[in-house]
Amino acid sequence: MVDRLTAELLLDDLTPDERARAERVESVLPALRDAAVEADRLGEFPRGHVATLSGAGLLGLVVPTEFGGLGGGLRDLAAATFAMGTACPSTALAYFFQCSSASRGLLPLEAAAAGLFTDPAEATLVEAFATRLLERLGHGGRWMANFASESAKSSTANITISTTATEADGGWVLNGVKAFGCATGVADDYLVTAKLPGGDTAEYLGVFLVDSAAEGVSERTRWDAIGMRASATHGIVLRDVFVAHDDALALPGAFVKMMQMSRGSFVGSQLAGTAVYVGAAHAVYDFTMAHLTTTRFADTGESIGTAPFQQQLVGQMRTSLDTALLWLKRQIELETSDPPIWPKDAVVRNWRLAKGAISEAAFDVGVNALKACGTSNTVNSGMVARSLRDLSMGLVQAFPPEKGRLEAASSLVTGTESTQFGARA
């Protein structure tokens, strides 16, 4: 057992059970770190990581034990993605999306338990789908990629769904293009959000389990991203893909009821994605401090970190890193405290501000690391250059910080939240 886990840089109050799960995460960090440079160079997700993470039981980190998982929660997930972010941010981001799939099982079960489905037949259908999904992640040990986002834009919703689901004999037929979702071509299953017939609101969204090898499923053209290059985010194309009724949660209204059970934004766990960037920022900060304290001036023998210029940058880096950490810790507290500290609308509004503050502060750590380490650390495969490119992706993931601040301000002024999900005809 190590004295201090990487996860404890984020959460220093881990329970014994949380620490045991964090130790599993700690055990895979060397393998992730060893493959990070080559993965970034190739822009390819290291397929060996699937076996590494599965072997550690981490594919079921947030799946309840009765379904074969480790029984962790949002604190565990944030701690895991933060720790993995210090080793390989691309893998950490892909892992976040894999674990976020579990919310499509956990939240429907919570909604059913809360009595939101008054029709017993509907409740049975919801529970069966949720159980099937969680069993695949837990006992099945399958990697599940979560595909919701599309290139379709709407002025009234943060995520607009244009992929369609048409009922057919024995199931549904899906058609559409999913523009973003980590682990394309890597995952065993694709979890797809699609529009049901009958309307263009979130009430008419369904969730479908698609075998990645199913007929009609193909990958979109790979893109040469600036950062997070090994997360396999290029998306999928669905052409007349058949999904059996058992693998579909296609009940009108179920998606909205599911979202109502989330303590935070969208359908929960969003903050764990942003924790990846805080982990990456912490890693480049540690690298920079080691560089500044071990590299010495040739004429005096003193470390270059004693120069006023570098010390100013160190102070800025530490301020930015602590800013990111404090915002993230506060959001974790708001979304996991029992009883809740704030009502959901206030928690979501805080997340709008937190996401932007965290992503900008994390990127600032990378910018100042670049300045402090100088031209010798600008090699694209080096720690500083890779981190700066990866951290830049936090500024645009989901939506830019400016959009989050605008939505938070609008909520404060009007008292209403923006629409999270919508559908396009």
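Whatever comes next refers back to the structure up there.
Let me sum up the structure you'll find in this document. A quick note: this is a predicted structure, and the numbers were derived from the prediction, not measured.

Our next topic: the pairing of strand 5 (residues 189-195). With respect to burial, strand 5 is a largely interior element, seven of its seven residues being buried. Covered by surrounding structure in strand 5 are Asp 189, Leu 191, Thr 193 and Lys 195 together with Tyr 190, Val 192 and Ala 194, the residues of both alternating faces. The pairing of strand 1 (residues 144-147) with strand 5 spans four bridges and is parallel. Across the sheet, the residue bridging to Asn 146 is Leu 191, located in strand 5. As paired strands, strand 5 and strand 6 (residues 205-211) are joined by seven bridges and run antiparallel to one another. Bridge pairing in strand 6 places Asp 189 opposite Asp 211.

Before going further, it helps to examine the packing of helix 8 (residues 270-294) against helix 9 (residues 308-336). Working note: a packed helix pair is described by the angle between its axes plus the distance between those axes. Relative to each other, helix 8 and helix 9 sit at 155°, their axes nearing to 10 Å. Comparing their axes, helix 9 and helix 8 come out roughly antiparallel. In this structure, the crossing between helix 8 and helix 9 has a hand that is left-handed. From helix 8, Leu 271, Ala 275, Val 278, Ala 281, His 282, Tyr 285, Thr 288, Met 289 and Leu 292 reach across to helix 9, where they touch Gln 310, Val 314, Met 317, Arg 318, Leu 321, Ala 324, Leu 325, Leu 328, Gln 331, Ile 332 and Glu 335. Class assignment of the residues belonging to the contact of helix 8 with helix 9 gives a composition of 14 nonpolar, four polar and two charged.

Mapped onto the elements, Gln 397 comes out in the loop between helix 11 (383-392) and helix 12 (401-414). Look at Gln 397 and you get buried, because its relative accessible area is 15%. For Gln 397, the residues in contact, after removing those within four places along its chain, are Leu 93, Phe 97, Tyr 277 and Lys 355.

Side chains three or four residues apart in an α-helix point the same way, a direct result of the helix having 3.6 residues per turn. The terminal C-alpha atoms of helix 6 (residues 120-137) lie 26 Å apart, and with 18 residues this matches the ideal 26 Å at 1.5 Å per residue to within 8%. Among the residues making up helix 6, those that are buried are Ala 123, Val 126, Phe 129, Ala 130, Leu 133, Leu 134, Arg 136 and Leu 137. Looking straight down helix 6, one finds its buried side chains confined to an arc of 165°; they lie on one side. Helix 6 presents Pro 120, Ala 121 and Thr 124 as exposed residues on the side facing more than 90 degrees away from its buried surface. Next to the buried residues of helix 6 lie helix 4 (89-100), helix 5 (103-113), strand 1, strand 5, strand 6 and strand 9 (248-249).

Before going further, it helps to spend a moment on the packing of aromatic side chains. A complete count under the given rule lists four aromatic pairs for this structure. On the numbers, 5.0 Å between centres and 65° between planes, the contact of Phe 96 with Phe 97 is edge-to-face. Judged by relative accessible area, Phe 96 falls into the buried class, the value being 3%. Note on Phe 97: relative accessible area 12%, which makes it buried. Here Trp 172 and Phe 208 contribute two aromatic rings whose centre-to-centre distance is 6.1 Å and whose plane-to-plane angle is 65°, an arrangement assigned as edge-to-face. Of this pair, Trp 172 sits in strand 4 (residues 171-178) while Phe 208 sits in strand 6, placing them 36 residues apart in sequence.

In this section: unusual backbone geometry. Residues Asp 338 and Pro 339 are joined by a peptide bond in cis, for which omega reads 5°. Checked against the element boundaries, Pro 339 lands in the loop between helix 9 and helix 10 (344-373). One non-glycine residue, Ala 232, adopts positive backbone phi at about 50°. You can see Ala 232 is positioned in the loop between strand 7 (217-219) and strand 8 (236-244). Among the residues examined, Ala 232 registers a relative accessible area of 9% and is labelled buried. A positive phi angle, near 50°, is found at Asp 240, a position not held by glycine. When you line up the elements, Asp 240 lands in strand 8.

Turning our attention to the pattern of salt bridges. All told, the structure shown has 23 salt bridges when counted by the stated rule. Residue Arg 142 is joined to Asp 211 by a salt bridge in which the shortest nitrogen-to-oxygen separation is 4.0 Å. Here Arg 142 is found in the loop between helix 6 and strand 1, whereas its partner Asp 211 is found in strand 6, with 69 residues between them in sequence. On the basis of relative accessibility, which here comes to 26%, the residue Arg 142 falls in the partly exposed class. Arg 405 serves as the salt-bridge partner of Glu 402, at 3.9 Å between the closest nitrogen and oxygen.

What counts, and at which threshold
- Residues numbered from 1 in each chain as written.
- Predicted model: local features only at pLDDT ≥ 70, side-chain atom pairs only at ≥ 80, totals over all residues.
- Heavy atoms only, no water.
- Buried < 20%, exposed > 50% of the residue type's maximum accessible area, 1.4 Å probe, protein only.
- Helix = DSSP H or I, 4+ residues; strand = E, 2+ residues; numbered from the N terminus.
- Pairing = 2+ DSSP bridges.
- Axes fitted to C-alpha atoms, helices over the stretch in contact; angles between N-to-C directions.
- Parallel < 35°, antiparallel > 145°, perpendicular 65-115°, else oblique.
- Left-handed = near helix turned anticlockwise from the far one by under 90°.
- Contact = heavy atoms within 4.5 Å.
- Nonpolar A, V, L, I, M, F, W, Y, C, P; charged D, E, K, R; others polar.
- Expected span 1.5 Å × (residues − 1).
- Arc of directions from axis to C-beta.
- Phe/Tyr/Trp six-rings, centres within 6.5 Å; stacked < 30°, edge-to-face > 60°.
- Salt bridge = Lys/Arg side-chain N within 4 Å of Asp/Glu carboxyl O.

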